[in-house]
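Chain and residue survey
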Amino acid sequence: MALILNIETATRNCSVALSKDGEVISVREIAGEGYLHAEKLHIFIEEVITEAGFAVYDLDAVAVSMGPGSYTGLRIGVSAAKGLCYALTVPLIAIDTLEVMARQLQVQSGLIVPMIDARRMEVYNAVFDCSFNKLRETKAEIISEESFSEYDMPIHLLGDGASKCEDILSGEKFVYHKELLFPSSIQMCSLSFDKYKISDTVDVAYFEPFYLKDFIINK
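This write-up is about the structure you can find in this document. No experiment lies behind these values; they were computed from the predicted model shown.

Turning our eyes to something else, we now look at the pairing of strand β2 (residues 13-20). By the criterion of burial, β2 is predominantly enclosed, with seven of the eight residues buried. In textbook terms, the turn of a hairpin is the stretch between consecutive antiparallel strands, and for strand β1 (residues 3-8) and β2 this stretch comprises four residues. Summarising the sheet, β2 and strand β3 (residues 23-31) pair through eight bridges and their orientation is antiparallel. Residue pairing across strands places Val16 opposite Arg28, the latter belonging to β3. The antiparallel hairpin formed by β2 and β3 contains two residues in its connecting segment, where Asp21 sits at a positive phi of about 50°.

This is the structure:
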């Protein structure tokens, strides 16, 4: 049995799920107007473990959403995950945030483009096929009318970054899934179990989140 704690804090959604052999057995999440991660994350961790009838020492691994996303959110999630891994001597698993988002959507054809808001008209995004194979690497992109013009097929857009693109990406091939705004730890569970089975882990001491852009303090 593999008991894995999954932590997702890359966006406004503070989300924690406990999984057993890839199946969700307990979950807590909240997406507030502001970032509630510092206030809620450790409470959620304790609650999902207790609710499932386990103790923290029963964990076999900890998985964390690696980004891109909010600098502060990623730091909080990764710091919590590292602390648990150090204390429990269990492996750390890093999961691509945009793939977590993409797996919220099941489509039969076309492309899936998860988007995380990166301020103004810039978004973090990647392109996946309907089987969740990544066709284009993650990038920070300023959206224009020419964005995704190389693809001649339906493009399914989701995430809080997609909602601000409707006036620019308005062609018939663009399909918006407005109900899917943030990644969730629920979709991390099968991914983390697959990585756990093949020992696809990261170095706890040296792992850093995938920020994609440098942190800038605005005056």
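Glancing now at the nonpolar core. Among the nonpolar cores identified, the biggest contains 25 residues, and Leu5, Ile7, Ile45, Leu59 and Val62 are the most heavily contacted of them. At the level of elements, β1, β2, α1 (37-51), β4 (61-65), α2 (71-88) and β5 (92-95) are the ones that each hand at least two residues to this core. With six residues, the single largest contributor to this core is α2. Non-local contacts of Ile45, meaning those with residues more than four positions away in its chain, are made with Leu5, Ile7, Val16 and Leu84. By size, the runner-up hydrophobic cluster in this structure holds 15 residues, among which are Met115, Phe148, Ala162 and Phe174.

Below, the discussion takes up unusual backbone geometry. Put simply, Gly67 and Pro68 share a cis peptide bond, and its omega is 10°. Within the secondary structure layout, Pro68 lies in the loop between β4 and α2. Phi at Asp21 is positive, roughly 50°, even though this residue is not glycine. Summarising the element assignment, Asp21 is placed in the loop between β2 and β3. For Asp21, a relative accessible area of 36% puts it in the partly exposed group.

Calculation rules
- Residues numbered from 1 in each chain as written.
- Predicted model: local features only at pLDDT ≥ 70, side-chain atom pairs only at ≥ 80, totals over all residues.
- Heavy atoms only, no water.
- Buried < 20%, exposed > 50% of the residue type's maximum accessible area, 1.4 Å probe, protein only.
- Helix = DSSP H or I, 4+ residues; strand = E, 2+ residues; numbered from the N terminus.
- Pairing = 2+ DSSP bridges.
- Core = buried A, V, L, I, M, F, W, Y, C linked by side-chain atoms within 4.5 Å.
- Contact = heavy atoms within 4.5 Å.

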